[in-house]
Amino acid sequence: MMTPWRYVFLVLGIIISLHYILSFSHQGYGKATSLSSIAEKIGSKPPNPPYKQGISDEYIHHATSSSDSKRKANATFVVLARNGDLTGVISSIKQMEDRFNKEFNYPWVFLNEEPFSEEFKRRTSELTDSPTSYGLIPKDHWYQPDSIDEERAKAAREDMVKNNVIYGGSVPYRNMCRYNSGFFFRHELLQNYKYYWRVEPHVKFFCDIHYDPFLVMQDKGKVYGFTISLFEYIETIPTLWNTVKEFLNANPGLVPADNAMRFLSDDGGETYNRCHFWSNFEIGDLDFWRSEPYSKFFNFLDEKGGFYYERWGDAPVHSIGAALFARKDQIHFFEDIGYRHDPFQHCPQGDSHKRGKCWCNPTENFDYEWYSCLKKYDELF
Ligand SMILES: Nc1nc2c(ncn2[C@@H]2O[C@H](COP(=O)(O)OP(=O)(O)OP(=O)(O)O)[C@@H](O)[C@H]2O)c(=O)[nH]1
Ligand SMILES: *[C@@H]1O[C@H](CO)[C@@H](O)[C@H](O)[C@H]1NC(C)=O
Ligand SMILES: [Mg+2]
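Residues numbered from 1 in each chain as written. Chains lettered and ligands numbered in written order. Predicted model: local features only at pLDDT ≥ 70, side-chain atom pairs only at ≥ 80, totals over all residues. Heavy atoms only, no water.

- As recorded in an unreviewed UniProt entry, the protein chain goes by Glycosyltransferase family 15 protein and comes from Rickenella mellea.
- Of the protein chain, the UniProt comment under Sequence similarities (unreviewed entry) reads exactly: "Belongs to the glycosyltransferase 15 family." (UniProt positions renumbered as here; feature names shortened; annotations may be inferred.)

### What about the overall build of the protein chain?
Next up, step 1: When helices and strands are counted, the protein chain shows 16 helices and twelve strands.
Next up, step 2: Here the protein chain holds 381 residues, and the buried ones make up 52% of them.
Next up, step 3: Contacts in the protein chain between residues at least 24 apart in sequence constitute 80% of all its contacts with a sequence separation of at least 6.
Next up, step 4: Within the structure as shown, the protein chain displays about 18900 Å² of accessible surface, and the carbon and sulfur contribution to it stands at 54%. (Helix = DSSP H or I, 4+ residues; strand = E, 2+ residues; numbered from the N terminus. Buried < 20%, exposed > 50% of the residue type's maximum accessible area, 1.4 Å probe, protein only. Contact = heavy atoms within 4.5 Å. Areas by Shrake-Rupley, 256 points an atom, 1.4 Å probe, with all protein chains shown as cover.)

### Considerations on the site of ligand 1
Next up, step 1: Around ligand 1, 14 residues are found, and the nearest of them are Leu 80, Glu 113, Tyr 167, Tyr 173 and Glu 200.
Next up, step 2: At a separation of 2.6 Å, an oxygen atom of ligand 1 approaches a polar backbone atom of Leu 80.
Next up, step 3: Separating an oxygen atom of ligand 1 from a side-chain N or O atom of His 341 is a distance of 3.1 Å.
Next up, step 4: Notes on ligand 1: free accessible area 620 Å², of which the protein chains cover 81%.
Next up, step 5: Here the residues of the shell around ligand 1 sort into eight nonpolar, two polar and four charged. (Near = heavy atom within 4 Å. Polar contact = N/O pair within 3.5 Å; in protein donor to acceptor, adjacent residues only side chain to side chain. Nonpolar A, V, L, I, M, F, W, Y, C, P; charged D, E, K, R; others polar.)

### Some details on the state of the cysteines
Next up, step 1: With the rule as written, the count across this model stands at three disulfides.
Next up, step 2: The residue that forms a disulfide with Cys 207 is Cys 358, at a sulfur-sulfur distance of 2.1 Å. Torsion about the S-S bond of the Cys 207 and Cys 358 cystine: about 110°, corresponding to right-handed handedness. With Cys 207 in the loop between β5 (204–205) and α8 (213–220) and Cys 358 in the loop between α15 (350–355) and α16 (374–378), this residue pair connects regions lying 151 residues apart in the sequence. Here Cys 207 matches Cys 358 in class, with each residue buried.
Next up, step 3: Cys 347 shares a disulfide with Cys 360; S-S distance 2.1 Å. In this structure, the disulfide formed by Cys 347 and Cys 360 twists by about 85° around the S-S bond and is classed as right-handed. (Disulfide = S-S within 2.5 Å.)

### Describing the coordination of the magnesium ion (ligand 3)
Under ideal tetrahedral coordination, the four donors around a metal are separated by 109.5 degrees; under ideal octahedral coordination, the six donors are separated by 90 or 180 degrees.
Next up, step 1: Here the magnesium ion (ligand 3) is held by Glu 200 (OE) and His 341 (NE2), and the distances to it run 2.0 to 2.2 Å. Here the residue Glu 200 occupies a position in the loop between β4 (195–198) and β5, and His 341 occupies one in strand β11 (residues 339–341), the gap between them amounting to 141 residues. Taken individually, Glu 200 and His 341 each receive the classification buried, so the pair is uniform in this respect. (Donors = N, O, S within 2.8 Å, 3.2 Å for Na, K, Ca; no water.)

### Remarks on helix α14 (residues 314–325)
Next up, step 1: Helix length check: α14 (twelve residues) gives 16 Å between terminal C-alpha atoms against 16 Å at 1.5 Å per residue, within 8%.
Next up, step 2: Most of α14 sits out of view: twelve of its twelve residues are buried.
Next up, step 3: Turning to α14, its buried residues number three or more, namely Asp 314, Ala 315, Pro 316, Val 317, His 318, Ser 319, Ile 320, Gly 321, Ala 322, Ala 323, Leu 324 and Phe 325. (Expected span 1.5 Å × (residues − 1).)

### Quick look at the sheet that holds β11
Next up, step 1: Strand order in the open sheet formed by three strands is β5-β11-β12, with antiparallel pairing between adjacent strands. Since the sheet does not close on itself, it has two edges, and those belong to β5 and β12 (344–346), each with one partner.
Next up, step 2: Taken together, the two bridges between β5 and β11 define a ladder with antiparallel strand orientation. Residue pairing across strands places Lys 204 opposite Arg 340, the latter belonging to β11. (Pairing = 2+ DSSP bridges.)

### Describing the confidence of the model for the protein chain
Next up, step 1: Mean pLDDT over the protein chain: 91, with 87% of residues reaching 70 or higher.
Next up, step 2: Of the regions scoring below 50 in pLDDT, residues 20–30 engages in six contacts with residues more than four places distant in sequence or in other chains. (pLDDT = per-residue confidence, 0-100.)

### Some details on a nonpolar patch on the surface
Next up, step 1: Residues Ile 166, Tyr 167 and Tyr 233 make up a contiguous nonpolar surface patch of about 330 Å² in total accessible area.
Next up, step 2: The residue Ile 166 is located in the loop between α6 (150–162) and α7 (171–182) in this model. (Patch = residues over 30% accessible without salt bridge, like charges linked within 9 Å, V, L, I, M, F, W, Y side chains within 5 Å. Salt bridge = Lys/Arg side-chain N within 4 Å of Asp/Glu carboxyl O.)

### Looking at the side chain of Asn 180
Next up, step 1: As for its placement among the helices and strands, Asn 180 is situated in helix α7.
Next up, step 2: Taking relative accessible area as the criterion, Asn 180 reaches 5% and is therefore assigned buried.
Next up, step 3: Ignoring any residue separated from it by four or fewer positions in sequence, one finds Asn 180 in contact with Leu 80, Arg 198, Asp 314 and His 318.

### What to know about the site of ligand 2
Next up, step 1: Around ligand 2, a shell composed of Asn 74, Gln 191, Asn 192, Tyr 193, Lys 194, Asp 287 and Arg 290 is seen.
Next up, step 2: One nitrogen or oxygen atom from the side chain of Asn 74 is found 2.3 Å from an oxygen atom belonging to ligand 2.
Next up, step 3: Considered on its own, ligand 2 offers 360 Å² of accessible surface; in the complex 42% of this is hidden by protein.
Next up, step 4: Tallied by class, residues from the shell around ligand 2 come to one nonpolar, three polar and three charged.

### Section: the sheet that holds β4
Next up, step 1: Read from one edge of the open sheet, seven strands run β3-β2-β1-β4-β9-β6-β10, paired in mixed fashion. The open sheet has two edge strands with one neighbour each: β3 (132–136) and β10 (331–333). Between one strand and the next, the sheet's axes are offset by a mean angle of 20°, whatever the strand orientation.
Next up, step 2: Bridge analysis of strand β1 (residues 75–80) against strand β2 (residues 108–112) gives four bridges, and the strand direction is parallel. Bridging from a neighbouring strand, Val 79 pairs with Phe 110 of β2. (Axes fitted to C-alpha atoms, helices over the stretch in contact; angles between N-to-C directions.)

### A closer look at the packing of helix α12 (residues 292–304) against α14
How two helices pack is summed up by the angle between their axes together with the distance between the axes.
Next up, step 1: Between α12 and α14, the shortest axis-to-axis distance is 10 Å and the interhelical angle comes to 140°. Accordingly, the angle class assigned to the pair α12 and α14 is oblique. As α12 runs across α14, the sense of the crossing is right-handed. The segment α12 lies against α14, with Pro 293, Tyr 294, Phe 297 and Leu 301 engaging Val 317, His 318, Ile 320, Gly 321 and Phe 325. (Parallel < 35°, antiparallel > 145°, perpendicular 65-115°, else oblique. Left-handed = near helix turned anticlockwise from the far one by under 90°.)

Rendered as structure tokens:
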């Protein structure tokens, strides 16, 4: 015979176990359905983002390791540029080669809506032992589509010029933002790659990179890597968030439960806090952009015309895509990659600074400046 007390404990035990099993399956599996369930509950523990543990030693290349035993990822650099960007492109490539790629030999892909000049090809290919290829962007991937009402687009541009919105009057800049948002990963020269590292003209790489970031992406199933995050100018994206919400409502089931909505929104998805990853630096998974959720998302945004009627940037579009359609642990902060794109820089701190022999001043570091969103990223974990 069971005593009454033992009976009470048994029932309590069953209730507690059931609670655990249910809450675990809720976190780990299934898709979030409604907007409010997309953002998970805010924890009370101090943030412990995975990057704080550093890159594990197995990834670090030691001077003694023979170069032909190196594992390589299915990856390439990608540079979108005009012939006129040559000086800045060369400067960026030279640093990337010296700091990283002369040891790792990943190829370079250059893209342009006009044919690259012989000079551009010669001067860039001279800088590397890796293969270089030069692609022409198909016209319908680049130029403003006919479906856009040019009168309305023009009025919007003139308005932005009046309001001093940066690049507010520029059509080429809009073409570029739309191309980076939805087309570069479809270029034929990128079809045979899974990972890319985006490099822009006139950027700086401050530190030696002694491990292969692509392999970290591959082994750990990451889809998006960044070094700087910040707030977007609201003038460039007034209706973007409403469009995102409209998309989510019309397409339930695309968002994994442990997404990074809390990086984007402070009120469970109601409003956009304007946080985004700065896309001039990106290490990413091309197949993620090619996947169904992001493709549907981009097409939906493109049909709304906001790339031209407003000035939607590829940075908020990529960031919203990554934060909603990937799991938060698939978004990686490359803390040990020292990087500058004017006017902001990420300078590695402490041990990372020493290990990378970084030449940036560690006190000049954007990470926890008031305009940075890194704190929001940390708070995901
Ligand atoms: N082929 C081509 N590339 C472009 C064009 N406009 C911009 N780009 C490239 O697209 C990327 C982003 O353009 P940027 O002009 O650097 O824009 P940004 O980083 O927002 O602004 P900056 O502060 O000027 O660097 C760079 O790699 C440019 O070289 C264009 O009209 N044609
Ligand atoms: C590299 O990745 C692309 C895209 O996923 C794939 O089509 C291709 O087969 C891969 N190549 C190799 C050698 O694995
Ligand atoms: Mg730039």
